[in-house]
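Here is what each chain is made of, one letter per residue.
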Amino acid sequence: MRRETERRAWRGALGDCVALNVIMMGPPGAGKGTQAGRFARERGLLKISTGDILRESIKAGLPVALRAKEMMDRGELLDDATMIAIVRERLMRPDAQPGFVLDGFPRTVAQAEALDCIVAERNNGPLVIVDVRVSDEELVRRLGGRLICAKCGANAEPAKAGEAAPTRCGKCGGELEQRADDNEQVVLERLKVYERATKPLVEFYRDRPTFRIVNGAQPQERVAHELDTVIDDAVLVGAKQDTPAAVKAVKSGKAVQA
Ligand code: AMP
């Protein structure tokens with residue numbers, strides 16, 4: 001009940017008060033893309049997946065994407081300057097002002113530092129960091145069986161209990177296929193890259209009052225519930241530090257002007 005009030009208040013406050021700025025961290029296969037999409041949809045926020053943006057550019061045959069494809073097919077990270085420029089451009093658009101859910105960015109400390117600058121420049125709300133945790137064995141198992149839609153790029157729905165796995169996309173009916181970088185060799189490389197480049201991010205964020213850990217090894221609905229709870233809690237804590245007035249508004253269920 002209290003959460004519902006808070007949620008309405010954040011919605012009411014959007015645009016003219018405190019934005020809901022969320023980063024979804026976690027290794028490939030942790031389910032952060034699915035959860036980021038759901039959370040963004042439910043809260044009316046912009047979901048920004050850097051992997052999706054790159055895959056769309058490759059599909060569209062953009063010349064700059066050719067090099068990106070080579071790197072992605074090897075499971076390596078693209079350079080920080082390119083990724084920061086892509087994200088900065090999206091986050092500065094008017095439709096990102098109520099808030100955003102970032103999936104796949106930042107992946108290096110340099111990207112995280114740049115994101116802090118962008119958030120400071122936007123100056124409309126705290127940054128909430130969620131780290132979705134899953135064991136390595138479970139990740140390899142999940143990624144080996146993961147299918148995405150060849151047409152719209154959505155992740156395939158998991159098979160329902162007692163039913164065969166779907167062969168077509170639940171969203172657009174497109175054909176399902178394995179992602180080029182989900183074969184076992186590339187998966188292992190991506191997990192290695194995650195350990196090396198992205199895990200230090202946990203150190204970077206760990207001491208912030210808006211950093212939260214979620215157990216990603218649970219059924220999707222449980223992960224969703226845990227995520228909602230920790231994000232609502234963290235945003236209150238963050239807003240309290242940023243703008244005491246915003247917290248008063250959240251608690252009373254009223255929107256406020258910044
Ligand atoms: P994802 O869909 O997030 O797993 O990303 C797929 C691939 O896109 C990664 O393995 C990288 O090659 C590239 N990529 C996506 N986001 C980033 C980023 N923030 N920094 C560098 N490379 C990225």
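Predicted model only: the values in this text are computed from it and were never measured. (Residues numbered from 1 in each chain as written. Predicted model: local features only at pLDDT ≥ 70, side-chain atom pairs only at ≥ 80, totals over all residues. Heavy atoms only, no water.)

Here we look at the confidence of the model for the chain
At step 1: For the chain, mean pLDDT is 83; residues scoring 70 or higher make up 85% of the total.
At step 2: Long-range and interchain partners of residues 11-16, a stretch whose pLDDT sits below 50, account for 12 contacts in this model, where long-range means more than four residues apart.
At step 3: Here residues 244-258 is a poorly scored stretch, pLDDT under 50, and it has 28 contacts once near neighbours within four places are set aside; other chains count. (pLDDT = per-residue confidence, 0-100. Contact = heavy atoms within 4.5 Å.)

Some words on the nonpolar core
At step 1: Residues Leu115, Leu127 and Tyr205 are the most contacted members of the largest nonpolar core, which totals 27 residues.
At step 2: Breaking this core down by element, the ones donating at least two residues are β1 (20-25), α3 (50-59), α4 (65-74), α5 (80-91), β3 (99-103), α6 (109-122), β4 (127-133) and α9 (200-205).
At step 3: A total of 5 residues in this core trace back to one element, the largest contributor, which is α6.
At step 4: Contacts of Tyr205, omitting those with residues within four sequence positions, involve Ile23, Met25, Pro106, Ala112, Leu115, Leu127, Ile129 and Phe211.
At step 5: Met24, Val101, Val130 and Val187 belong to the second-largest nonpolar core, a separate cluster that totals 24 residues. (Core = buried A, V, L, I, M, F, W, Y, C linked by side-chain atoms within 4.5 Å. Buried < 20%, exposed > 50% of the residue type's maximum accessible area, 1.4 Å probe, protein only. Helix = DSSP H or I, 4+ residues; strand = E, 2+ residues; numbered from the N terminus.)

As for the packing of aromatic side chains
At step 1: Scanning the entire structure with this criterion turns up 1 aromatic pair.
At step 2: When the ring of Phe204 is compared with that of Tyr205, the centres are 5.0 Å apart and the planes differ by 85°; the resulting orientation is edge-to-face.
At step 3: The class of Phe204 is partly exposed, set by a relative accessible area of 24%. (Phe/Tyr/Trp six-rings, centres within 6.5 Å; stacked < 30°, edge-to-face > 60°.)

Looking at the sheet that holds β3
At step 1: Ordered in space as β2-β3-β1-β4-β7, the 5 strands form an open sheet in which the pairing is parallel. With one partner strand each, in any of the chains shown, β2 (46-49) and β7 (211-215) form the two edges of the open sheet. Across the sheet, the axes of successive neighbouring strands diverge by a mean angle of 20°, strand direction being ignored.
At step 2: This element, α6, spans β1, β3 and β4 of the sheet and lies at about 170° to β3. (Pairing = 2+ DSSP bridges. Axes fitted to C-alpha atoms, helices over the stretch in contact; angles between N-to-C directions.)

Regarding α4
Residues spaced three or four apart along an α-helix face the same direction, because each turn holds 3.6 residues.
At step 1: If you check which residues of α4 are buried, you get Ala65, Ala68, Met71 and Met72. Seen end-on, α4 carries its buried residues on one side only, within an arc spanning 115°. Structural note: α4 exposes Leu66 and Arg67 on the side pointing more than 90 degrees away from its buried face.
At step 2: On its buried face, α4 is in contact with α3 and α8 (184-198). (Arc of directions from axis to C-beta.)

As for the site of the ligand
At step 1: Near the ligand there are 16 residues, and of these Thr50, Arg55, Glu76, Gly104 and Arg107 occur at the shortest range.
At step 2: Note that a nitrogen atom of the ligand is positioned 3.0 Å from one of the backbone N or O atoms of Leu78.
At step 3: Residue Arg179 places a side-chain N or O atom 3.3 Å away from an oxygen atom belonging to the ligand.
At step 4: When the ligand sits alone it has 480 Å² of accessible area, and the protein chains cover 97% of it.
At step 5: It is α3 that provides the largest number of residues to the shell around the ligand, a total of 4 residues. (Near = heavy atom within 4 Å. Polar contact = N/O pair within 3.5 Å; in protein donor to acceptor, adjacent residues only side chain to side chain. Areas by Shrake-Rupley, 256 points an atom, 1.4 Å probe, with all protein chains shown as cover.)

Things to note about the packing of α5 against α6
At step 1: In contact at an axis separation of 10 Å, α5 and α6 are set at 20° when each is read in the N-to-C sense. On the basis of their axis angle, the class for α5 and α6 is roughly parallel. Between α5 and α6 lies a crossing of right-handed hand. Contacts between α5 and α6 pair Asp80, Met83, Ile84, Arg88 and Leu91 from the former with Ala110, Gln111, Ala114, Leu115, Ile118, Glu121 and Arg122 from the latter. (Parallel < 35°, antiparallel > 145°, perpendicular 65-115°, else oblique. Left-handed = near helix turned anticlockwise from the far one by under 90°.)

Structural notes on the side chain of Arg38
At step 1: Following the sequence through the fold, Arg38 ends up in helix α2 (residues 32-43).
At step 2: Looking at Arg38, its side chain comes within polar contact range of the main-chain oxygen of Ala224, at 3.5 Å.
At step 3: With residues up to four places along the chain from it excluded, the contact list for Arg38 reads Ala224, Leu227 and Asp228.

Concerning unusual backbone geometry
At step 1: Put simply, Phe105 and Pro106 share a cis peptide bond, and its omega is 0°.
At step 2: Counting through the fold element by element, Pro106 comes out in the loop between β3 and α6.
At step 3: Of note, Asn123 is a non-glycine position whose phi angle comes to about 50°, a positive value.
At step 4: Topologically, Asn123 is positioned in the loop between α6 and β4.

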